[in-house]
Amino acid sequence: TPGRTVTDNQKKFVSSKVNEDVKDIQSALRALKLYKGKIDGDFGPGTRAGVKEFQRSLGEAEIGALTAKQRHRLFLQAEDKGFFVFQHAAFADSR
């Protein structure tokens with residue numbers, strides 16, 4: 001609804017989901033040896049650098065933010081290294 005106020009609980013929920021997703025990305029990058037920082041859910045300079053390196057490995061523009069397709073490919077490549085994310089299973093049909 002336009003103009004609807006978002007509650008603090010809703011903000012916390014969305015923030016926690018984003019944090020979990022970033023942790024998954026950091027873990028996948030670590031599995032590919034593209035990230036050495038803490039798995040903390042903060043999309044900081046180290047995570048951004050790892051994403052850019054991954055994009056470079058794909059021959060794509062190094063923008064530091066993953067497209068949905070790149071995210072899927074990241075998880076597939078990390079999966080080959082023994083990494084698995086439950087949320088990634090939803091993408092299995094798009095292989």
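The coordinates are above.
Residues numbered from 1 in each chain as written. Predicted model: local features only at pLDDT ≥ 70, side-chain atom pairs only at ≥ 80, totals over all residues. Heavy atoms only, no water.

Asks: Kindly report on the pattern of salt bridges, identifying the contributing residues and their values.
Replies: By the definition in use, this model includes four salt bridges. Residues D21 and R71 are paired through a salt bridge, measuring 2.3 Å at the closest nitrogen-oxygen approach. One end of the pair, D21, is in helix 1 (residues 8-31); the other, R71, is in helix 3 (residues 68-79), and 50 residues separate them in sequence. Between R56 and E62 there is a salt bridge, and its shortest N-O distance comes to 2.7 Å. Assessed through its relative accessible area of 42%, R56 is described here as partly exposed. (Salt bridge = Lys/Arg side-chain N within 4 Å of Asp/Glu carboxyl O. Helix = DSSP H or I, 4+ residues; strand = E, 2+ residues; numbered from the N terminus. Buried < 20%, exposed > 50% of the residue type's maximum accessible area, 1.4 Å probe, protein only.)

Asks: Tell me about helix 2 (residues 45-58), and please be specific about residues and values.
Replies: Compared with the 20 Å implied by 1.5 Å per residue over 14 residues, the 20 Å span of helix 2 between its first and last C-alpha is a close match. Looking at the buried positions of helix 2, the neighbouring elements they touch are helix 1 and helix 3. Positive phi shows up at G59, right after helix 2, with a value of about 75°. (Expected span 1.5 Å × (residues − 1). Contact = heavy atoms within 4.5 Å.)

Asks: Provide a residue-level description of the packing of helix 1 against helix 2, including the pertinent values.
Replies: At a minimum axis distance of 10 Å, the contact between helix 1 and helix 2 shows a crossing angle of 55°. When the axes of helix 1 and helix 2 are compared, the pair comes out oblique. The handedness of the crossing between helix 1 and helix 2 is left-handed. Two secondary-structure elements touch here, helix 1 through I25, Q26 and L29 and helix 2 through T47, G50, V51 and F54. Partitioning the contact of helix 1 with helix 2 into residue classes produces four nonpolar, three polar and no charged. (Axes fitted to C-alpha atoms, helices over the stretch in contact; angles between N-to-C directions. Parallel < 35°, antiparallel > 145°, perpendicular 65-115°, else oblique. Left-handed = near helix turned anticlockwise from the far one by under 90°. Nonpolar A, V, L, I, M, F, W, Y, C, P; charged D, E, K, R; others polar.)

Asks: A description of a nonpolar patch on the surface should follow, citing residues and the corresponding values.
Replies: Taken together, the side chains of F13, V14 and V18 make up a nonpolar region of the molecular surface, amounting to roughly 290 Å² of accessible area. Position of V14 among the secondary structure elements: in helix 1. Take V14: its relative accessible area is 49%, and that puts it in the partly exposed class. (Patch = residues over 30% accessible without salt bridge, like charges linked within 9 Å, V, L, I, M, F, W, Y side chains within 5 Å. Areas by Shrake-Rupley, 256 points an atom, 1.4 Å probe, with all protein chains shown as cover.)

Asks: If you had to explain the nonpolar core to someone new, which residues and values would you point to?
Replies: Where a protein is soluble and globular, its nonpolar side chains tend to be buried together. With 13 residues, the main nonpolar core has I25, A28, L29, F54, L74, F75 and F83 as its most contacted residues. Elements represented by at least two residues in this core include exactly helix 1, helix 2 and helix 3. Once residues within four sequence positions are removed from consideration, F83 is found in contact with D24, S27, A28, A31, F75 and A78. (Core = buried A, V, L, I, M, F, W, Y, C linked by side-chain atoms within 4.5 Å.)

Everything listed here is a matter of geometry and, on its own, says nothing about what the molecule does.
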